[in-house]
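Here is what each chain is made of, one letter per residue.
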Amino acid sequence: RPRVLSGIQPTAGSFHLGNYLGAVRQYVALQDANDAFYMVVDLHAITVPQDPAELRANTRVSAAQLLAAGLDPDRCALFVQSHVPEHAQLAWVMNCLTGFGEASRMTQFKDKSAKQGSDSASVGLFTYPILQVADILVYQANAVPVGEDQRQHVELTRDLAQRFNSRFGDTFTVPEAYIVKETAKIYDLQDPTVKMSKSASSPKGIVNLLDPPSQTAKKIKSAVTDTGTEVRFDEKEKPGVSNLLAIHSAISGTPVAELEERFAGRMYGDFKKEVAEVLVDFVTPFQQRFHEFHDDPAELDRTLAKGAAKAREVASVTLATAYDKVGFLPPL
Ligand code: ATP
Ligand code: MG
């Protein structure tokens with residue numbers, strides 16, 4: 001069966017709508033036809049300063065949201081990245097195969113380090129994409145469900161897999177990004193030209209799945225649109241309205257064209273009200289399911305331990321092969 005791998009950061013606790021529509025929803029859809037590996041990427045989370053108690057708490061919050069979204073631990077491996085040491089171990093090898101200039105071209109690093117200032121940005125933030133390369137390759141993944149912002153990192157993964165294979169002999173599967181066009185990039189509600197982001201969006205710009213539903217409704221109603229009056233999908237001229245159309249359509253399952261028709265001649269206020277309703281109807285049961293999983297941390301931890309064991313079965317084999325290929329003396 002094809003293999004699928006993806007991960008999500010526990011930095012903010014709650015996932016936002018972009019995480020869900022761009023990535024997590026695809027995790028759920030892909031778990032049946034694939035051997036699927038999904039993780040909470042705590043190693044990635046410490047590339048920016050973290051509070052230890054918060055990180056620990058948010059790791060469980062993240063795992064519980066993945067379960068609430070529909071991941072089934074019997075049909076996929078659901079685990080915490082730091083529980084599988086092979087990620088960090090393979091990352092070192094990948095670091096040594098990556099050119100400094102090549103890593104310097106990663107736009108996410110450029111964006112994030114520009115925000116932090118190059119003196120406070122860590123080397124970990126710089127090598128983050130290379131850890132991600134190891135995350136993917138250690139499972140021999142065929143497909144990586146992610147949002148558009150991760151395309152460049154998956155491209156780097158392909159390059160490094162091919163480089164390793166040509167230097168040391170065929171070892172790694174060359175993966176492909178699995179990106180669903182309609183929801184590949186959900187935009188910030190206050191600045192619909194930039195992606196909704198855990199670390200960069202303002203509170204009013206981001207819809208968190210765990211926000212009180214009334215707050216979500218308020219945020220939608222104050223989303224930035226334009227001075228026009230037409231509810232029409234046009235990303236260039238009407239980025240705010242287009243973003244709301246994409247969100248409504250993805251959650252409600254109503255085609256965008258049908259929404260345009262429904263709101264022809266009506267005001268933005270009417271439209272926003274319905275987007276808010278659609279979201280409230282979605283997050284309310286999601287939050288109930290979240291609480292069921294989150295309120296039983298012992299069971300949650302057992303689920304994660306089971307997932308890590310499943311993941312290590314695969315990761316340890318790949319790591320041993322890669323270590324052998326690069327010329328490490330096998331331990332007795
Ligand atoms: P940060 O901005 O701090 O990197 P993030 O919001 O990007 O946080 P991640 O945990 O890094 O969250 O990303 C998890 C998954 O969600 C990734 O697959 C990413 O591509 C996807 N994703 C993130 N933001 C969006 C978005 N606005 N639209 C669609 N997909 C997104
Ligand atoms: Mg991100």
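What this report covers is the structure whose coordinates are included nearby. Here the structure is a predicted model, which means the values were calculated and not measured.

Definitions and limits used
Residues numbered from 1 in each chain as written. Chains lettered and ligands numbered in written order. Predicted model: local features only at pLDDT ≥ 70, side-chain atom pairs only at ≥ 80, totals over all residues. Heavy atoms only, no water. Near = heavy atom within 4 Å. Polar contact = N/O pair within 3.5 Å; in protein donor to acceptor, adjacent residues only side chain to side chain. Helix = DSSP H or I, 4+ residues; strand = E, 2+ residues; numbered from the N terminus. Nonpolar A, V, L, I, M, F, W, Y, C, P; charged D, E, K, R; others polar. Axes fitted to C-alpha atoms, helices over the stretch in contact; angles between N-to-C directions. Parallel < 35°, antiparallel > 145°, perpendicular 65-115°, else oblique. Left-handed = near helix turned anticlockwise from the far one by under 90°. Contact = heavy atoms within 4.5 Å. Buried < 20%, exposed > 50% of the residue type's maximum accessible area, 1.4 Å probe, protein only. Salt bridge = Lys/Arg side-chain N within 4 Å of Asp/Glu carboxyl O. Pairing = 2+ DSSP bridges. Right-handed = clockwise from strand over helix to strand, strands pointing away.

## Re the site of ligand 1
- The environment of ligand 1 is formed by 21 residues, the closest being Lys112, Asp149, Lys195, Ser197 and Lys198.
- At 3.1 Å, a side-chain N or O of Asn19 approaches an oxygen atom of ligand 1.
- Within the side chain of Asp149, one N or O atom sits 2.6 Å away from an oxygen atom of ligand 1.
- The dominant element in the shell around ligand 1, judged by the number of residues it contributes, is helix α1 (residues 17-30), at 4 residues.
- A per-class count over the shell around ligand 1 returns 6 nonpolar, 10 polar and 5 charged.

## Points about the packing of helix α6 (residues 107-116) against helix α7 (residues 123-137)
- Where α6 contacts α7, the axes come no closer than 10 Å and their chain directions differ by 165°. In terms of orientation, α6 lies roughly antiparallel with respect to α7. Crossing geometry of α6 relative to α7 is assigned as right-handed. Residues Gln108, Phe109, Lys112, Ser113 and Gln116 of α6 lie in contact with α7, whose contacting residues are Leu125, Phe126 and Tyr128.
- Grouping the constituent residues of the contact of α6 with α7 by class yields 4 nonpolar, 3 polar and 1 charged.

## Brief notes about the side chain of Gln108
- Residue placement: Gln108 occurs in helix α6.
- Each residue touching Gln108, except ones within four places of it in the same chain, is listed here: Tyr128, Asp149, Gln150, Gln152 and His153.

## Some details on the environment of Gly13
- Inspection of the secondary structure puts Gly13 in the loop between β1 (3-8) and α1.
- A relative accessible area of 4% means that Gly13 is categorised as buried.
- Sequence separation of Gly13 and Asn58 is 45 residues, and the distance between their C-alpha atoms is 4.6 Å.
- Setting aside residues no more than four positions away along its own chain, Gly13 makes contact with Asn58, Val61, Ser62 and Gln65.

## As for the pattern of salt bridges
- Here the structure, examined in full by the defined rule, presents 18 salt bridges.
- With a shortest N-O distance of 3.3 Å, Arg232 and Glu230 are connected by a salt bridge.
- The partly exposed category is assigned to Arg232, whose relative accessible area is 31%.
- The partner of Arg262 in a salt bridge is Glu258, with the nearest N and O atoms 3.8 Å apart. You can see Arg262 and its partner Glu258 sitting in helix α11 (residues 256-262), 4 residues apart, about one turn around the helix.
- The exposure class assigned to Arg262 is partly exposed, which follows from its relative accessible area of 33%.
- The exposure class assigned to Glu258 is partly exposed, which follows from its relative accessible area of 41%.
- Several salt bridges share partner residues, and in doing so they unite Asp32, Asp72 and Arg75 into one network.

## Quick word on the pairing of β1
- With 6 bridges connecting them, β1 and strand β2 (residues 35-40) associate as parallel partners. Across the sheet, the residue bridging to Arg3 is Asp35, located in β2.
- Once the chain exits β1 it traverses α1 before rejoining the sheet at β2, and the crossover so formed is right-handed.

No statement about biological role is implied by the geometric values presented.
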